[in-house]
Amino acid sequence: GEATDTLDSEGNVTSTQPYDDSTLQRMEALLPQFTGDILQIPPMYSALHKDGKRLYDLARQGLEVEREARQVSVSRLRMVDDRGVGSHEAPLSLPFFGLDVECSGGTYIRTLIDDLAREAGSCGHMVELERTRQGPFGLEHC
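Parameters and conventions
Residues numbered from 1 in each chain as written. Predicted model: local features only at pLDDT ≥ 70, side-chain atom pairs only at ≥ 80, totals over all residues. Heavy atoms only, no water. Helix = DSSP H or I, 4+ residues; strand = E, 2+ residues; numbered from the N terminus. Rg over C-alpha atoms; globule rule 2.2 N^0.38 Å. Buried < 20%, exposed > 50% of the residue type's maximum accessible area, 1.4 Å probe, protein only.

## With respect to the overall build of the chain
Each helix and strand counted, the chain has three helices and nine strands in total. For 142 residues, the compact-globule estimate of 2.2 N^0.38 gives 14 Å, and the C-alpha radius of gyration of the chain, at 15 Å, lies within 12% of that figure. Dimensions of the chain, computed from C-alpha atoms along their principal axes, come out at roughly 45 × 40 × 30 Å. Within the chain, buried positions represent 36% of all 142 residues.

## Here's the deal with unusual backbone geometry
Unlike most non-glycine residues, Leu7 shows phi in positive territory, near 65°. Relative to the elements of secondary structure, Leu7 occurs in the loop between strand 1 (2-4) and strand 2 (13-16). Look at Asp51: it is not a glycine, yet its phi comes out positive at around 55°. If you trace the backbone, Asp51 turns up in the loop between strand 4 (49-50) and strand 5 (53-54). The class of Asp51 is exposed, set by a relative accessible area of 75%.

The following block contains the structure:
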């Protein structure tokens, strides 16, 4: 896998690790750990403030500051392989995987992917994100 400084494919690669010991089944077995009320540390590349400055501004200066973990809620988290990711067509295989997530506001999907990849013994970053619902509004309302 590859980790990036932004936790997505726009960032610079900061680490690469083998994923030989990981399987999609092992990843799926980890999902319950990330379901329900969980704690997340917001990424440096976020709009949150620290001492009056946005974290992404500090990150662009090459600074990393301590961030407090925040409680978020993930009510549904499941692996999906019925669609592609980026230029990779379905069905997916590692290092690519898809997630279907229903979560509370304030949840960072980039962080969720990073945490899941770390727990699986590797590293990873988000390639694409499709928001399918915001509150009562789904894609069918667009």
